[in-house]
Amino acid sequence: MPSNVEPSIRQLKALEAVARTGSFTAAAEELGVSQPTVSNLIVALERQTECRFLRRGNKGIETTEMFETLRPQIKALLALKSEVDLAIGARKDLKSGSFWVGYSTYQIAMPPIARFIQTHPGITLNARAMASLDLLPLLRTGDLDVAFVTALEPLETMHCQKVASFRIGIVAQSEGALRDVETLSWADVAKLRLIQREPNAGTRQIFERAASEAGIAPDTILGLGSWGSITSLVRAGVGEGVGFESELVAADKDLKFIPINDQKLSAHQFLVSMPAMAASATVRQFYEITQETLASVHE
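About the thresholds
Residues numbered from 1 in each chain as written. Predicted model: local features only at pLDDT ≥ 70, side-chain atom pairs only at ≥ 80, totals over all residues. Heavy atoms only, no water. Axes fitted to C-alpha atoms, helices over the stretch in contact; angles between N-to-C directions. Helix = DSSP H or I, 4+ residues; strand = E, 2+ residues; numbered from the N terminus. Parallel < 35°, antiparallel > 145°, perpendicular 65-115°, else oblique. Left-handed = near helix turned anticlockwise from the far one by under 90°. Contact = heavy atoms within 4.5 Å. Nonpolar A, V, L, I, M, F, W, Y, C, P; charged D, E, K, R; others polar. Expected span 1.5 Å × (residues − 1). Buried < 20%, exposed > 50% of the residue type's maximum accessible area, 1.4 Å probe, protein only. Arc of directions from axis to C-beta. Pairing = 2+ DSSP bridges. Salt bridge = Lys/Arg side-chain N within 4 Å of Asp/Glu carboxyl O. Core = buried A, V, L, I, M, F, W, Y, C linked by side-chain atoms within 4.5 Å.

Draft legend 1. Here's a closer look at the packing of helix α1 (residues 9-21) against helix α3 (residues 35-49). Running from amino to carboxyl end, α1 crosses α3 at an angle of 110 degrees, the nearest separation of the two axes being 9 Å. In terms of axis orientation, α1 runs roughly perpendicular to α3. The handedness of the crossing between α1 and α3 comes out as left-handed. Residue-level inspection shows Arg 10, Gln 11, Leu 12, Ala 14, Leu 15 and Val 18 of α1 in contact with α3, the latter providing Thr 37, Val 38, Leu 41, Ile 42, Ala 44, Leu 45 and Gln 48. Here the contact of α1 with α3 is composed, by residue class, of 9 nonpolar, 3 polar and 1 charged.

Draft legend 2. Quick look at α3. Between its terminal C-alpha atoms α3 stretches 22 Å, which fits the 21 Å expected from 15 residues at 1.5 Å a residue. Those residues of α3 that sit buried are Val 38, Leu 41, Ile 42, Leu 45, Glu 46 and Thr 49. Seen along its axis, α3 keeps its buried residues to an arc of 125 degrees; they face one direction. For α3, exposure combined with an orientation more than 90 degrees from the buried face picks out Asn 40 and Arg 47. As for α3, its buried residues are in contact with α1, α2 (24-31) and β1 (54-57). Following α3 by one or two positions, Glu 50 adopts a phi angle in the positive range, close to 60 degrees.

Draft legend 3. Structural detail: the packing of α1 against α2. Interhelical geometry of α1 versus α2 gives an angle of 125 degrees and a closest axis separation of 8 Å. Between α1 and α2, the angle falls in the class oblique. The handedness of the crossing between α1 and α2 is right-handed. Contacts between α1 and α2 involve Lys 13, Ala 14, Ala 17, Val 18, Arg 20 and Thr 21 from the former and Phe 24, Ala 26, Ala 27, Glu 30 and Leu 31 from the latter. Within the contact of α1 with α2, the residues separate by chemical class into 7 nonpolar, 1 polar and 3 charged.

Draft legend 4. Summary view of the pairing of strand β5 (residues 146-151). Judged by how many residues are buried, β5 sits mostly within the fold: 6 of 6 residues are covered. Alternating positions in β5 separate into two faces, Val 146, Phe 148 and Thr 150 on one and Ala 147, Val 149 and Ala 151 on the other, with burial throughout. Judged from the 3 bridges that link them, strand β3 (residues 98-103) and β5 form a sheet pairing that is parallel. Its bridge partner being in β5, Tyr 103 is matched across the sheet by Phe 148. Sheet analysis places β5 next to strand β11 (residues 266-273), joined by 5 bridges and oriented antiparallel. Bridge pairing in β11 links Ala 151 to His 268.

Draft legend 5. Up close: the side chain of Thr 49. Relative to the elements of secondary structure, Thr 49 occurs in helix α3. Take Thr 49: its relative accessible area is 1%, and that puts it in the buried class.

Draft legend 6. Expanded view of the pattern of salt bridges. Taken as a whole, this structure holds 13 salt bridges when the rule is applied. The partner of Glu 16 in a salt bridge is Arg 20, and the shortest N-O contact between them spans 2.8 Å. Here Glu 16 pairs with Arg 20, and both are found in helix α1, just 4 residues apart, close to one helical turn. With relative accessibility at 10%, the residue Glu 16 sits in the buried group. A residue is classified by how much of its surface remains accessible, and Arg 20, at 42% relative accessible area, is partly exposed. A salt bridge links Glu 213 to Lys 264; the shortest N-O distance between them is 2.7 Å. Of this pair, Glu 213 sits in helix α8 (residues 202-213) while Lys 264 sits in the loop between β10 (255-259) and β11, and the two are 51 residues apart along the sequence. Salt bridges sharing common partners tie together Glu 16, Arg 20, Glu 30 and Lys 75.

Draft legend 7. Molecular detail of unusual backbone geometry. Its identity as a non-glycine residue notwithstanding, Glu 50 has a phi of 60 degrees, on the positive side. Turning to its location among the elements, Glu 50 is positioned in the loop between α3 and β1. Relative accessible area serves as the criterion here: at 67%, Glu 50 is assigned to the exposed category. One non-glycine residue with positive phi stands out, namely Thr 157, at about 70 degrees.

Draft legend 8. Fine view of the nonpolar core. Phe 99, Phe 148, Ile 168, Ile 170, Trp 186, Phe 207 and Phe 286 are the most contacted members of the largest nonpolar core, which totals 40 residues. Looking at which element gives the most residues to this core, the answer is strand β6 (residues 159-173), with 6 residues. Counting residues in each nonpolar core, the second largest holds 20 residues, with Ala 17, Val 18, Val 38 and Leu 45 among its members.

Draft legend 9. Region of the structure containing the environment of Gly 225. Mapping Gly 225 onto the fold places it in the loop between β8 (219-224) and α9 (227-235). Gly 225 gets classed as exposed once you look at its relative accessible area, which sits at 60%. Here the alpha-carbon distance between Gly 225 and Met 130, two residues 95 residues apart in the chain, equals 7.5 Å.

Coordinates in, geometry out; function isn't part of it.
So this is what it looks like as structure tokens:
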């Protein structure tokens, strides 16, 4: 058989069916095609490979020695193809498979994640919390399917869906030194000891870019990876936190959000995936669930 010849699955299915049933007509009925189609597939296969697989004998269609040599491999190949088709079908119907989600802000990511798990219990969902800029390389390498990231604008080369908009500002103790303060200027912010996220966090990058454009060098005393760590230190009186308004939840009654007088501190959360992944069934469904779940905060 020439090494550059690649028999098609349709040809092998037709060949196996005829060999097993001993009839072109029976094979055609089984495969749901016409008898001439089965005949043409096998003739084309024998011409391409320069091999004879079937012959007419005294008792009808018989197989050749060449076919009998290859019969186990052909049956194994067709069985494997069937398994692949079933697995892909289950994945397409969201009945099985795994799904990886990255997020930078759990308050936004957790509601759609919970809804997805409830809606599609057959899918194993894995979630990773990281800074926004650290999530992007994992999307590009395929380690994540989608990610929630903080940014000012949709990201180039990515499929982006805006899911929330918010103001970035200062988080302080409700009964602390800033209890009567409703808004802050950049001059006021320059006097604060700030607890921020780590340098690759989208919120921090937007905050520091705006501060730089305002001519202010923030006094950042700590950079932390989790919002819970930031609020714990704010409660302990170590300093004031930098975050966005919707990060404060009902349990944070002892904390308050204070906006800064700067329009550049408006940012967005985007649900992001690689363009090639956006059309896949699981990613498409996650986008839809996220849109529905976060509709109340989408602008």
